[in-house]
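# Close look at the chain arrangement
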Amino acid sequence: MTSKNLFFKLMKKDLMQRIWALALIGLGSFFAYPVSAAIAARDISHAQTMEIGLGYYTRSMAEWLSFENGMTAFLMTIAALICGISSFSWLNSRSKVDFYHSIPVRREKLFAVNFVDGILILAIPYVIAMAAAAAVAVGYGADKNQIWPVAVAACGLHLTYFILMYTTVVTAVMMTGNMVVAFLGCVVFSAVVPMITALSENYFQLFFHTAVWDNRSWLAELGIRMSPVVEYFVQTSRYMDGDPMALSVAAALIISAALAVLSCVLYRKRPSEAAGKAMSFAVTKPVIRLVIVMLSSLGMAAVFWDMMESTGWSVFGILCGAVISHCTVEAIYHFDFRRLFAHPKQLVGCVVAALAVFFIFRYDMLGYDEYLPAAGKVKSAAVEFVRASDWVDYGYTKEEKDGTYIWETPKECRPLYTMSLSSAEELETVLNIAAAGIEETNTELVQAETSVGREEEPPSLQTYFIVRYTLKSGRQVSRRYSLNVEKCYELLETLYQDRNYQNATFPLLTRTAESVCDVRWRGGDGADTEVCLNLLEPEAKSELLETYKREFSGLTISRMEQELPVGLIRFTTDSDVAGMRWKRVLDTKNMEDYTYNQYRKAGYYGMFEESGYYPVYPSFEETIRLLSQYQIKAGSYYDNKAVMDIDVYWYGDDGSTTEMVITDPQQLEQMKRVMGIPGMSHYNQLFLGTQLDIIPRIREGGEWDGAYSFSVPAAWDQVPDFVWRGLEENAGQKSRY
């Protein structure tokens, strides 16, 4: 009992000594939450009706009190720093250390007193302020069923990540003996692993042409999140997306407990003589110095390479970064500028190590770009032919428990779908593509023309592949290969026609007629041209779907090089239709009528209205014939457009621009037949175009629409002769604009 009373007496005494922190945080919380809730209530009276005003007030307060409030996360970060450093600031004074250690209390109990008080200094005023704010909001008429659950969840989540940051700060304090150094230690501990991860990714991107950087690996993702601050803000984003957080919260609490135990152990072993010194434990000095110097030198090398692409300048950056960071760390360690080069051997060692790392990446000494697994070691492969599939929407419309809808996508932004490599021919195709890709690294679009005139050779396309090998050992290896389409034409055509590749890359090819609710058509890329076919007969849906799948599966690269889509078709599911109906009902309402969840999701998840469309090409004769039965005329985008004139621009390789203006009615009609429909080039990135921009000036409802009516270039051999003649005549003349 005496021991228990002593613990609380020590807590009370410590809180009284840090009343300034309690008052500061309490005052800030008071104005941030209950006062803000009362001030925001004035908007209720400004709304059209009391009901609309209360709906808007409920939403705004639910958002302000929720875990997604970035300002609260920022303030929690500052509070963790203040509470963590102030809790054990007495360890930086020799006299105070002697006084506290003379008290007949075990070190573990002293640690627990200060540690728990640091949490309570934030938790008590914050929880009270949040409860008061929720009560104020409900008192003004906000929906309590939305306010209280959000406020309670936010309190628990914010405090969880505050404790995670707080224990990190306490650990840094235990390893240092000076308040300023403790602050720097917090920065290092919170940023060093993410910085190492980011620098590693940067080196892969700078020097390895086959490195896959579009999607971060799970190891790199873990490294970036090995910071309590980064993890905190990652979780606020996940909360906004509605992702489950139970495992993340449990992990944060476990790590916090582990750091608390580590801090207690460090405190027990911490010598009293460490007060006033930079570091409490001498053994940590060379380790921290090595990490900081290596990061600084390699970081400077990357900066100079990015600016100059010069090995010499990068070596200069390594030397500057190493010397500056080494001297800075030594000055902090010794508090003496005369000791800047106290450990010259360690400085030389860091420089040599940094140079070794740089040259390994610079000259690919480990053969990263040359890696090609043997066929016998590969279990399966995942392939992404970017130009052929970059437009595909991988996802589906999903109904949430609260009746809202979202577009659910895979975790990876552009997923790689696994091919079934059951035959030696399929595996050989992928490996041959990879071998060809190793020979090329240029990912830019290559166009061979140098002057105005169609006598030049047609342009070629540069594309890239992403291949993920799954080896028989279970290891996964990803590479990004640059390819010239014309040079690897046969290989790419073989891959594109592979049924396994097609089914994995284009999800529509595996759909059945039973899953189709209706069919939608767009003559352009905008919703204003959308038509619902209203196919009620299952046989009609099945016939159109199977016909389209057959013709789409037969599409070849050679045909795609010469054709642009004449329209877009979408085979929607019941969920798609329900999601679009839900979104359109919300669009007819005032924003004040939305519930909190509807407001959030309608603003961020409207993709199910725009996703899922597939291109229809002029060569899809059977599909176009079936569409004509429903009064759909494919390729009729310009038929009813009042095209007044057309600007044609040629961009030369020397930076020059040649322009001509077409106004002749017959020539305008001829151009309308060959011009691509705006937006269709997105669905065929293998199309071989010219260096022409063709911009028609169209009258729509009495208004002129010119600058925003962009038409993609026509195929090389389809450009009328009068266009080339006009450009040749106007070469060297100034634009009319």
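Quick caveat: nothing in here was measured; it's all calculated off a predicted structure.

Each helix and strand in the protein was counted, giving 25 helices and 14 strands. Across the 737 residues in the protein, those meeting the buried criterion constitute 48%. In the protein, once contacts between residues fewer than 6 apart in sequence are set aside, the share between residues at least 24 apart is 77%. Entry remark: accessible area of the protein is about 35800 Å², with carbon and sulfur atoms responsible for 59%.

Further remarks concern the sheet that holds strand S7 (residues 518-522). Hydrogen bonds along the backbone pair up the strands of a sheet, which may run parallel or antiparallel. Spatially, 4 strands are ordered S8-S7-S9-S10 in an open sheet, and the strand pairing comes out antiparallel. Looking along the sheet, the strands with just one partner apiece sit at the ends: strand S8 (530-532) and strand S10 (614-616). On average, adjacent strands in this sheet sit at an angle of 30° to one another, irrespective of strand direction. Pairing of strand S9 (residues 567-572) with S10, which is carried by 3 bridges, proceeds in the antiparallel orientation. Bridging across to S10, Ile-569 finds its partner in Tyr-614.

Right, let's get into the packing of aromatic side chains. Following the criterion strictly, the structure yields 45 aromatic pairs and no others. With a centroid separation of 5.3 Å and an interplanar angle of 75°, the aromatic rings of Phe-30 and Phe-31 are classed as edge-to-face. The partly exposed category is assigned to Phe-30, whose relative accessible area is 43%. With 6.4 Å between their ring centres and 80° between their planes, Trp-391 and Phe-552 make a pair best called edge-to-face. Residue Trp-391 is found in the loop between helix H15 (386-389) and strand S2 (396-399), and its partner Phe-552 is found in helix H19 (residues 538-553); the two are separated by 161 residues along the sequence. Taking relative accessible area as the criterion, Trp-391 reaches 3% and is therefore assigned buried. According to the relative accessible area criterion, Phe-552 is buried, its value standing at 3%. Three or more aromatic residues joined by ring pairs make a cluster, and in this case those are Trp-391, Tyr-496, Tyr-501, Phe-506, Tyr-548, Phe-552, Phe-571, Tyr-614, Tyr-617, Phe-620 and Tyr-683.

Here we come to the pattern of salt bridges. Counted under the stated rule, the structure contains 14 salt bridges. Among the charged side chains, a network of salt bridges with common partners joins Asp-518, Arg-520, Arg-522, Glu-530 and Glu-610.

On average, residues of the protein score 83 in pLDDT, and 87% of them are at 70 or above. Here residues 706-710 is modelled with pLDDT under 50, and outside its nearest four sequence neighbours on either side it reaches 10 contacts, counting other chains as well.

So, about the nonpolar core. Core analysis: the largest hydrophobic core is formed by 71 residues, its most contacted members being Leu-65, Phe-88 and Leu-122. Among the elements that line this core, the one with the most residues is helix H7 (residues 144-174), at 16 residues. Setting aside chain neighbours within four positions, we find Phe-88 in contact with Phe-111, Asn-114, Phe-115, Val-170, Val-173 and Met-174. Grouped together as the second largest cluster of nonpolar side chains are 62 residues, Val-392, Leu-492, Ile-557 and Leu-626 included.

It is worth spelling out the pairing of S2 at this point. Across 4 bridges, S2 lies against strand S3 (residues 405-408) in antiparallel orientation. For Tyr-396, the partnering residue across the bridge sits in S3 and is Glu-408. What sits between S2 and S3 in their antiparallel hairpin is a turn of 5 residues, with Gly-403 showing a positive phi close to 90°.

A separate point is the side chain of Arg-18. Summarising the element assignment, Arg-18 is placed in the loop between helix H1 (2-17) and helix H2 (19-40). Reaching out from Arg-18, the side chain makes a polar contact with the side chain of Ser-86 at a distance of 3.3 Å. There is a polar contact of 2.7 Å between the side chain of Arg-18 and the side chain of Ser-87. In this structure, Arg-18 is in contact with Cys-83, Ser-86, Ser-87, Asn-114, Asp-117, Gly-118 and Ile-121, ignoring residues within four places of it in sequence.

This next bit is on the pairing of strand S1 (residues 378-385). Across the 8 residues that make up S1, a large majority, 7, are buried. The sheet contact formed by S1 and strand S5 (residues 462-471) spans 7 bridges and is antiparallel. By the bridge assignment, Val-383 is partnered in S5 with Val-467.

Our focus in this paragraph is the environment of Glu-546. Looking at the element boundaries, Glu-546 is found in helix H19. You can call Glu-546 partly exposed: its relative accessible area is 36%. Counting along the chain gives 34 residues from Glu-546 to Thr-512, while the straight-line C-alpha distance between them is 8.5 Å.

Residue placement: Ser-93 occurs in the loop between helix H4 (70-87) and helix H5 (94-102). Separated by 184 residues in the primary sequence, Ser-93 and Lys-277 have C-alpha atoms spaced 9.8 Å apart. Of note is the side chain of Ser-93, whose polar atom sits 3.1 Å from the side chain of Ser-95.

Tracing the backbone through its elements, the reader meets His-326 in helix H13 (residues 311-334). Residue class for His-326 comes out buried when judged on its relative accessible area of 0%. If near-sequence neighbours (up to four positions away) are discounted, His-326 is found in contact with Arg-289, Val-293, Leu-340, His-343 and Leu-347.

Attention now goes to the packing of helix H3 (residues 50-65) against helix H6 (residues 107-139). In contact at an axis separation of 11 Å, H3 and H6 are set at 175° when each is read in the N-to-C sense. Taken as axis vectors, H3 and H6 run roughly antiparallel relative to one another. Residues Tyr-57, Met-61 and Leu-65 of H3 form the contact with H6, whose participating residues are Met-130, Ala-133, Ala-134, Val-136 and Ala-137. Split by residue class, the contact of H3 with H6 holds 8 nonpolar, no polar and no charged.

Its 24 residues give H13 an end-to-end C-alpha distance of 34 Å, which sits within 8% of 34 Å, the value for a rise of 1.5 Å per residue. Among the residues of H13, the N-terminal cap falls to Ser-310, whose side-chain oxygen and the backbone nitrogen of Gly-312 are separated by 3.3 Å. Positioned one or two residues after H13, Phe-335 has a phi angle of 55°, which is positive.

The rules behind each value
Residues numbered from 1 in each chain as written. Predicted model: local features only at pLDDT ≥ 70, side-chain atom pairs only at ≥ 80, totals over all residues. Heavy atoms only, no water. Helix = DSSP H or I, 4+ residues; strand = E, 2+ residues; numbered from the N terminus. Buried < 20%, exposed > 50% of the residue type's maximum accessible area, 1.4 Å probe, protein only. Contact = heavy atoms within 4.5 Å. Areas by Shrake-Rupley, 256 points an atom, 1.4 Å probe, with all protein chains shown as cover. Pairing = 2+ DSSP bridges. Axes fitted to C-alpha atoms, helices over the stretch in contact; angles between N-to-C directions. Phe/Tyr/Trp six-rings, centres within 6.5 Å; stacked < 30°, edge-to-face > 60°. Salt bridge = Lys/Arg side-chain N within 4 Å of Asp/Glu carboxyl O. pLDDT = per-residue confidence, 0-100. Core = buried A, V, L, I, M, F, W, Y, C linked by side-chain atoms within 4.5 Å. Polar contact = N/O pair within 3.5 Å; in protein donor to acceptor, adjacent residues only side chain to side chain. Parallel < 35°, antiparallel > 145°, perpendicular 65-115°, else oblique. Nonpolar A, V, L, I, M, F, W, Y, C, P; charged D, E, K, R; others polar. Expected span 1.5 Å × (residues − 1).

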